[in-house]
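Summary of the model geometry
Take a look at the letters that make up each chain.
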Amino acid sequence: MEILLNYDEIKDRIERAKEKAGRKADEILLVGVSKTQPPEKLKEAFNCGINVFGENKVQELVEKYPLIDGAKWHFIGHLQKNKVKYIIDKVELIHSLDSNELAEEINKRAGKINRIMPVLIQVNIGREDTKSGVLEEEVLEFSKLLSKYPNILVSGIMAIPPVNKNDEVTRTYFKKVYNIYNEIKTYKYDNFEIKYLSMGMTGDFEIAIEQGANILRVGTGIFGKRNYNRGE
Ligand SMILES: *Cc1c(COP(=O)(O)O)cnc(C)c1O
């Protein structure tokens, strides 16, 4: 019941933000960030119409994956090279590509199962030590490296701005990310098909919509507080 009400409210907020931004006709994908949430809650969310879940831990994703029949999964957290093999056949999109070594491994594992894996380049837009991602000035060179991996489809950009309470500051970060997204659209590599801009979470997705996001990653706004006593 809680999830249904939350989800309705989030959908309302998304619609209002789209209208305000003059983006009524645009498709915006809502990813339900289900990390730390128990499977019952994911089932409830799935029954409400949320069919894409975002997880940031490999083990947790692998555990939940068989439990929700028909759901789609996105990987949104820092991904260790040695764990790619566990999720390569399970996820629709990896939001967090942040190194050449990881790209090489994803390419290799995707090739083994004859798959072309869609990925987003994570950009560390706030240049924070605590966050993964490439720096904005590295995106061009990183893209060049990625162009040699035929089993990866580079599909866009993901970013998480630094935590802050000032909408104007958040807006400035999202604007920067949007500019990178537009720039990367002009790159003519065979394995680039740029169409996703993943930014915006519970506290800032209206601003993200205003600044051009088309994938939102919303956790607490849908599921309520996170459940950190899973030992993670
Ligand atoms: C946890 C998480 C979210 C969701 O955050 P909320 O504030 O709960 O909406 C979004 N993106 C990433 C990468 C996350 O790790």
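The structure under discussion appears in the preceding block.
Let me sum up the structure you'll find in this document. Note that this is a predicted model, so its numbers are computed, not measured.

Thoughts on the layout of surface pockets
- In this structure, the largest pocket occupies an estimated 680 Å³ of space.
- Taken together, 29 residues form the lining of the largest pocket, with Lys131, Ile160, Pro161, Val163 and Met201 sitting closest to its centre.
- Within the lining of the largest pocket, the residues separate by chemical class into ten nonpolar, twelve polar and seven charged.

Comments concerning the environment of Thr170
- Relative to the elements of secondary structure, Thr170 occurs in helix H7 (residues 167–184).
- Given a relative accessible area of 5%, Thr170 falls into the buried group.
- Each C-alpha atom, one on Thr170 and one on Ala110, is 35 Å from the other, the two residues being 60 residues apart in sequence.
- Ignoring sequence-local partners within four residues, the contact set of Thr170 consists of Pro161, Asn164, Asp204 and Ile207.

Considerations on the pairing of strand S5 (residues 117–123)
- Judged by how many residues are buried, S5 sits mostly within the fold: seven of seven residues are covered.
- Side chains Met117, Val119, Ile121 and Val123 of S5 all project onto a buried face; the interleaved residues Pro118, Leu120 and Gln122 project onto the opposite face, where all are buried too.
- As paired strands, strand S4 (residues 93–97) and S5 are joined by two bridges and run parallel to one another. Opposite Leu97, over in S5, you have Ile121 as the bridge partner.
- On the question of chirality, the crossover connecting S5 to the parallel strand S6 (residues 152–159) by way of helix H6 (residues 139–146) is right-handed.

Section: the nonpolar core
- Membership of the largest hydrophobic core comes to 61 residues, with the highest contact counts inside it found for Phe53, Ile94, Ile106, Ile121, Leu146, Ile157 and Leu216.
- Ignoring any residue separated from it by four or fewer positions in sequence, one finds Phe53 in contact with Val31, Gly32, Ser34, Leu42, Ala45, Phe46, Ile68, Ala71, Lys72, Trp73, His74 and Phe223.
- In terms of nonpolar packing, the next biggest core, distinct from the first, is built from six residues, Val52, Leu93, Met158 and Ile215 among them.

Examining the site of the ligand
- Near the ligand the following residues occur: Val33, Lys35, Ile76, Ile160, Met201, Thr202, Arg217, Val218, Gly219, Thr220 and Arg226.
- Between the ligand and the protein, one listed contact pairs a nitrogen atom with a side-chain N or O atom of Arg217 at 2.8 Å.
- Contacts to the ligand include Thr220, whose backbone N or O atom sits 2.8 Å from an oxygen atom.
- The fraction of the free accessible surface of the ligand (390 Å²) that becomes covered by protein chains is 88%.
- Judged by the proximity of its atoms to the pocket grid, the ligand belongs to the largest pocket.

Side note on the pairing of strand S2 (residues 52–55)
- Burial along S2 is two-sided: the face carrying Val52 and Gly54 and the face carrying Phe53 and Glu55 are both buried.
- In terms of strand pairing, strand S1 (residues 29–33) meets S2 through two bridges, oriented parallel. If you follow Val33 over to S2, its bridge partner there is Gly54.
- Chirality of the crossover, the property in question, places the unit of S1, helix H2 (residues 39–48) and S2 among those that are right-handed.
- In this sheet, strand S3 (residues 72–75) lies alongside S2 in parallel orientation, the contact comprising four bridges. Bridged to Phe53 within S3 is Trp73.

Examining the pattern of salt bridges
- One pass over the structure, following the stated rule, counts 15 salt bridges.
- In this structure, Glu55 and Lys64 form a salt bridge, with 2.8 Å as the shortest nitrogen-oxygen distance.
- A salt bridge links Glu210 to Arg171; the shortest N-O distance between them is 2.5 Å. Of this pair, Glu210 sits in helix H8 (residues 205–210) while Arg171 sits in helix H7, and the two are 39 residues apart along the sequence.
- On the accessibility criterion, Glu210 (35% relative accessible area) is partly exposed.

Cut-offs used in this document
- Residues numbered from 1 in each chain as written.
- Predicted model: local features only at pLDDT ≥ 70, side-chain atom pairs only at ≥ 80, totals over all residues.
- Heavy atoms only, no water.
- 1 Å grid on protein atoms, 1.4 Å probe; cavity = no way out; pocket = protein on both sides within 12 Å on 5 of 7 lines; lining within 4 Å.
- Points joined across faces, edges and corners; volume = space filled by probe spheres on them.
- Nonpolar A, V, L, I, M, F, W, Y, C, P; charged D, E, K, R; others polar.
- Helix = DSSP H or I, 4+ residues; strand = E, 2+ residues; numbered from the N terminus.
- Buried < 20%, exposed > 50% of the residue type's maximum accessible area, 1.4 Å probe, protein only.
- Contact = heavy atoms within 4.5 Å.
- Pairing = 2+ DSSP bridges.
- Right-handed = clockwise from strand over helix to strand, strands pointing away.
- Core = buried A, V, L, I, M, F, W, Y, C linked by side-chain atoms within 4.5 Å.
- Near = heavy atom within 4 Å.
- Polar contact = N/O pair within 3.5 Å; in protein donor to acceptor, adjacent residues only side chain to side chain.
- Areas by Shrake-Rupley, 256 points an atom, 1.4 Å probe, with all protein chains shown as cover.
- Sits in = over half its atoms within 2 Å of the grid points.
- Salt bridge = Lys/Arg side-chain N within 4 Å of Asp/Glu carboxyl O.

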